[in-house]
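Coordinates in review
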Amino acid sequence: MLKLFIAALSVALLYWLWHKKNQIFSKRNNKVDPFITTIEAIELQTFLDWDTPQLCLESDGIRYGKQFKHKLPPDLPHESRCRCEVTKLFYTSDDVFQGTSPILTHKSALGEISSKDALLLKNILLKIITDSKEKSFTDFLAQFELNSFSADIRTQAISLAEKAFQSADNK
Ligand SMILES: [Zn+2]
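Values in this document were obtained by computation on a predicted structure and should not be read as measured data.

What counts and what doesn't
- Residues numbered from 1 in each chain as written.
- Predicted model: local features only at pLDDT ≥ 70, side-chain atom pairs only at ≥ 80, totals over all residues.
- Helix = DSSP H or I, 4+ residues; strand = E, 2+ residues; numbered from the N terminus.
- Buried ≥ 20, exposed ≤ 12 C-beta atoms within 10 Å, placed from the backbone.
- Contact = placed C-beta atoms within 7 Å.
- Core = buried A, V, L, I, M, F, W, Y, C linked by C-beta atoms within 7 Å.
- pLDDT = per-residue confidence, 0-100.
- Axes fitted to C-alpha atoms, helices over the stretch in contact; angles between N-to-C directions.
- Parallel < 35°, antiparallel > 145°, perpendicular 65-115°, else oblique.
- Left-handed = near helix turned anticlockwise from the far one by under 90°.
- Nonpolar A, V, L, I, M, F, W, Y, C, P; charged D, E, K, R; others polar.
- Pairing = 2+ DSSP bridges.

1. Topic: the overall build of the chain
Of the regular secondary structure elements, the chain holds six helices and five strands. Every one of the 171 residues in the chain was classed for burial, and the buried ones make up 18%. Within the chain, contacts between residues at least 6 apart in sequence are counted, and of these 65% link residues at least 24 apart.

What follows is the structure in structure tokens.
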């Protein structure tokens, strides 16, 4: 009789543990849930060229939407040489957190380039406008990791930057 009682108690205890475990796991899942929601937003993408205006370069990649700091996208074009575009997107909250974008390519004078190449090119173009004074182009370029450019666009990207540099120099 005692054996039967112990057996029944063990079964009850095991059931209770299993039930508790499920509760803990479902709580965890509920906690994770809000972090994997999809967020609707509009992302601004700037066409990258040697003469892309500073405002456009600075606006590139900005997201607009209810959950973002900027609620509404600006009226485009920003100015006469602006070739910015806005795209409606669905991000996962992970994208937002990591700063990644569902857009994998970027429009530029070199064609559709990867987001990584675009970011480097944009940083170079911005720096030319904001801080290229009294330097030679070679000295200026030394601050960038040019080997990060994909091999197939590296030479073209550098010529584009050089054109931008020379035009900034003549101002
Ligand atoms: Zn623009």
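2. What about the nonpolar core?
Core analysis: the biggest nonpolar cluster contains 19 residues, and Leu121, Ile124, Leu125, Ile128, Ala161 and Ala164 have the highest contact counts within it. Every element with two or more residues in this core is listed here: helix H2 (54-59), helix H4 (115-130) and helix H6 (151-169). Those residues in contact with Ile128 that sit more than four places away from it in its chain are Ala161, Ala164, Phe165 and Ala168.

3. Structural notes on the confidence of the model for the chain
Scored by pLDDT, the chain has a mean of 87; 89% of the residues are at 70 or more. Within the chain, helix H3 (residues 93-98) has the poorest average pLDDT of any element, 73, and H2 the best, 97.

4. Section: the packing of H4 against H6
Contact geometry for H4 and H6: axes closest at 9 Å, N-to-C directions at 15 degrees. Considering their axes alone, H4 and H6 lie roughly parallel with respect to each other. The chirality of how H4 crosses H6 is right-handed. Contacts between H4 and H6 involve Asp117, Leu121, Ile124, Leu125, Ile128 and Ile129 from the former and Ile153, Ala157, Ala161, Ala164, Phe165 and Ala168 from the latter. For the contact of H4 with H6, the class distribution of residues is eleven nonpolar, no polar and one charged.

5. Section: the pairing of strand S1 (residues 38-45)
As paired strands, S1 and strand S3 (residues 85-92) are joined by eight bridges and run antiparallel to one another. Note that in S3 the partner of Ala41 across the bridge is Leu89. When S1 meets strand S2 (residues 63-64), the two strands line up antiparallel, connected through two bridges. In the strand pairing of S2, Glu43 is matched with Arg63.

6. With respect to the sheet that holds S1
On the basis of which strands lie adjacent, the open sheet formed by three strands has the order S2-S1-S3 and antiparallel pairing. Lying at the two open borders of the sheet, with one neighbouring strand each, are S2 and S3.

7. Considerations on unusual backbone geometry
Along the chain, Leu76 connects to Pro77 via a cis peptide bond; the corresponding omega equals -5 degrees. The topology assignment puts Pro77 in the loop between S2 and S3.

8. Overview of the environment of Asp95
Of note, Asp95 is situated in helix H3. Distance from Asp95 to Ile39, taken between C-alpha atoms, is 9.5 Å for residues 56 residues apart in sequence.

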